[in-house]
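Chain and residue survey
The lines below spell out each chain.
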Amino acid sequence: MNYCRLGMSEEGDDLTKEEGLLEKKLQDILDSHKKHWGSNLHRFLAKDCGLASTLCTRAYRYAPSDSLIETLTAVLIPKKRLLFQCFLDSLFTRYHIVFGEVEFANIKIKSRRLCPDNDDLKANRMRLQNRLQSLGRLETLSDGFEFVLNPYHSMYENEQKK
């Protein structure tokens, strides 16, 4: 008779030893994970994907890196340029990233403690505009319209024509 298939050892005991070994092994893995990553896992992941940086500070803060901004402009702008507000709408619709007060109003958070001040959101939006401008990705026209540029669009068009 195969005792392992019945969930019993040869002596007739149930498999509490194996279950205990499995639980101990699982706990060892979790302890090793905590020693290796600890409470820094969130910070490491945010840094690696470009959501956190140490720009202008020693500590990490949630600010998109230049490479993340460049990637988002290349992915979200289907043609040569897109209105800045449409770019922000696309960021929110596709990735739920909030930079300004208009996108934050769409979240509908009920708790007042979690709601930032509108001035903070406006400043956040202005910081993004400044970063895009410094990267050469924002063009402001004389009529006040701001366009986010996709410099790779013309390269893609030239490849399609060949």
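This section reports on the structure supplied with the text. Predicted, not measured: the structure shown is a model, and the values here were computed from it. (Residues numbered from 1 in each chain as written. Predicted model: local features only at pLDDT ≥ 70, side-chain atom pairs only at ≥ 80, totals over all residues. Heavy atoms only, no water.)

Okay, the pattern of salt bridges next. Between side chains of opposite charge, a pair can form as their charged atoms come close. Tallied over the full model, the rule gives 3 salt bridges. One salt bridge connects Arg131 with Asp66, and the closest N-O pair in it is separated by 2.7 Å. Residue Arg131 is located in helix H7 (residues 118–134), and its partner Asp66 is located in helix H4 (residues 66–76); the two are separated by 65 residues in the primary sequence. Note on Asp66: relative accessible area 37%, which makes it partly exposed. Taking the shortest distance from any N to any O, the salt bridge between Glu139 and Arg81 comes out at 3.5 Å. Pair noted here: Glu139 is in strand E4 (residues 138–140) and Arg81 is in strand E3 (residues 81–83), with a separation of 58 residues, a long-range link. Judged by relative accessible area, Glu139 falls into the partly exposed class, the value being 30%. The exposure class of Arg81 is partly exposed, given its relative accessible area of 39%. (Salt bridge = Lys/Arg side-chain N within 4 Å of Asp/Glu carboxyl O. Helix = DSSP H or I, 4+ residues; strand = E, 2+ residues; numbered from the N terminus. Buried < 20%, exposed > 50% of the residue type's maximum accessible area, 1.4 Å probe, protein only.)

Let's shift gears to the layout of surface pockets. Estimated volume of the largest pocket: approximately 400 Å³. Tyr62, Ala63, Pro64, Phe99 and Asn124 are the residues nearest the centre of the largest pocket, which is lined by 17 residues in total. Elements supplying a minimum of two residues to the lining of the largest pocket: strand E2 (61–62), H4 and H7. It is H7 that contributes the most residues to the lining of the largest pocket, 5 residues altogether. Looking at the lining of the largest pocket residue by residue, the classes come out as 12 nonpolar, 2 polar and 3 charged. (1 Å grid on protein atoms, 1.4 Å probe; cavity = no way out; pocket = protein on both sides within 12 Å on 5 of 7 lines; lining within 4 Å. Points joined across faces, edges and corners; volume = space filled by probe spheres on them. Nonpolar A, V, L, I, M, F, W, Y, C, P; charged D, E, K, R; others polar.)

Phe84, Phe87, Leu88, Leu91, Leu128, Leu132 and Val148 are the most contacted members of the largest nonpolar core, which totals 15 residues. Sequence-distant contacts of Phe84, that is, excluding residues within four places in its chain, are made with Arg125, Leu128, Gln129, Leu132, Leu138, Glu146, Phe147 and Val148. (Core = buried A, V, L, I, M, F, W, Y, C linked by side-chain atoms within 4.5 Å. Contact = heavy atoms within 4.5 Å.)

Attention now goes to the sheet that holds strand E5 (residues 146–149). Taken in spatial order, the 3 strands make up an open sheet running E3-E5-E4, and their pairing is antiparallel. Sheet topology places E3 and E4 at the edges, where each strand pairs with a single neighbour. Direction aside, neighbouring strands of the sheet carry axes that sit 30 degrees apart on average. Judged from the 3 bridges that link them, E3 and E5 form a sheet pairing that is antiparallel. Residue Leu83 lies in a different strand from E5, and its bridge partner there is Phe147. The sheet contacts of helix H5 (residues 84–95) involve E3, E4 and E5, and relative to E3 the element is tilted by about 90 degrees. With respect to the sheet, H7 is in contact with E4 and E5, its orientation differing from that of E4 by roughly 100 degrees. (Pairing = 2+ DSSP bridges. Axes fitted to C-alpha atoms, helices over the stretch in contact; angles between N-to-C directions.)

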